[in-house]
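Results of the structural survey
Spelled out, the chains give:
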Amino acid sequence: MKRTGRPTIKELAEQAGVSKTAVSFAFNSPERISKETYARIMAIAQELGYVPDPVARGLARRKTQCIGILLPQSIASVFQNPYITELLRGVGEVCEKEKFSILVLSPLEGIFTHAVYNAVVDGVIILGAASASAVQQVCRQRGLAYVTVDAGFSGDCINIGIDEEEASYQLARILLDAGHRRLCVCTLQPLSETLESSGSSETIRHRRQGIQRALDECGAGGEVQYLEVGAACESALAAARSILSQDQRPTGIFCMADVHAYGFYGAARELGLAIPRELSVVTFDNLPQSQLLHPRPTAVDQPGFQKGWLAATELFKLLEADEAQSVVMDFQILKTGSVASPAL
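So, here's what we can say about the structure. (Residues numbered from 1 in each chain as written. Predicted model: local features only at pLDDT ≥ 70, side-chain atom pairs only at ≥ 80, totals over all residues. Heavy atoms only, no water.)

For the rest of this paragraph, the subject is the pattern of salt bridges. Tallied over the full model, the rule gives 12 salt bridges. Salt-bridge contacts for K99 lead to E31; the nearest nitrogen and oxygen are separated by 3.2 Å. Taken together, the residues K99 in the loop between α6 (82-98) and β2 (101-105) and E31 in the loop between α2 (20-28) and α3 (35-48) connect sequence positions 68 residues apart. Both residues of the pair, K99 and E31, count as exposed. A salt bridge links K307 to D150; the nearest nitrogen and oxygen atoms lie 2.5 Å apart. (Salt bridge = Lys/Arg side-chain N within 4 Å of Asp/Glu carboxyl O. Helix = DSSP H or I, 4+ residues; strand = E, 2+ residues; numbered from the N terminus. Buried < 20%, exposed > 50% of the residue type's maximum accessible area, 1.4 Å probe, protein only.)

For any two helices packed against each other, the geometry comes down to the angle between their axes and how far apart the axes lie. Taken N-terminus to C-terminus, the directions of helix α1 (residues 9-16) and α2 make an angle of 100 degrees; their axes are 8 Å apart at the nearest point. Judged by the inter-axis angle, α1 sits roughly perpendicular to α2. For the pair formed by α1 and α2, the contact residues are I9, K10, L12 and A13 on the first element and K20, V23, S24 and F27 on the second. Here the contact of α1 with α2 is composed, by residue class, of 5 nonpolar, 1 polar and 2 charged. (Axes fitted to C-alpha atoms, helices over the stretch in contact; angles between N-to-C directions. Parallel < 35°, antiparallel > 145°, perpendicular 65-115°, else oblique. Contact = heavy atoms within 4.5 Å. Nonpolar A, V, L, I, M, F, W, Y, C, P; charged D, E, K, R; others polar.)

Let us look at the sheet that holds β2. Strand order in the open sheet formed by 6 strands is β2-β1-β3-β4-β5-β13, and the pairing between neighbours is parallel. The two strands at the open ends of the sheet, each matched to only one other strand, are β2 and β13 (327-328). Sheet analysis places strand β4 (residues 145-149) next to strand β5 (residues 159-161), joined by 2 bridges and oriented parallel. Within β5, the residue paired with V149 across the bridge is I160. Packing of α6 onto the sheet brings it into contact with β1 (66-70), β2, β3 (123-127) and β4, and relative to β1 it is tilted by some 165 degrees. Lying on the sheet, helix α13 (residues 304-319) is in contact with β1, β3, β4, β5 and β13; it crosses β4 at an angle near 160 degrees. (Pairing = 2+ DSSP bridges.)

This is how it looks when you write it as structure tokens:
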């Protein structure tokens, strides 16, 4: 008679001549059994077609051995931003040590909170959303441990980041002190939190405050264009072409991500504009890829890898009921040859 249904852990244990505990060790902690026992269990598991049921295992243990990374935009667009890759590398290093896997979560149907409602994870790292955002309220309602990255330091949650307002202020002053008054500020597109509303990320809000403080000090707020651009190089390039083709084009470009700076470098090359003689560019991130640009962009250096590593480290403290804390990271501004006094 042909077998029906999935083979069970009991059947696997009986055929391997071991306990169900040994089978569990083989799939979860192989170092706790001998190599010979492990090899025998796995060979019979393959013969039977046995695969552990992660849902049942998670319910039994009340753990999934998985953390979620909640991205601010769709997976298709956000992974075109190399900064996210650096951050995930940092998270991944900690997860490998803890023997956890990573589940990438992105806004479902364009809604940030929907990704959290049914996520089968032990904890979440949230990128960018403010402490008062709907997505963090959902985490609290679920009793789900979470850590934020770049969400501000309100004291309501564990957050990893830099002083965004001060970094943005200092970066804007570099352009303003060089004499630039016609500026373009590129920001990432806002987050969709509900069907009725979108919320600007805390990162963007604080950076805009820093820019405004610098503008107020210099009395130069009248000729600033704010531009929302997607996370892809293609989006940045298209936006940059449009901006730089204006009759009264900006002379100074303030990018909130290196990926935007790449677009402006490409458009400047196409239009025959020399950096920095005819166009000055400053940016955030200072990714390794940026050293391929000439001149390398003046940038706020905030290592994405370290942010991800710290966020995962603090999240695991929460999961283990240890005391976790927010971390205000130091930042530096790499001053290069991408800024000069305006020629126009």
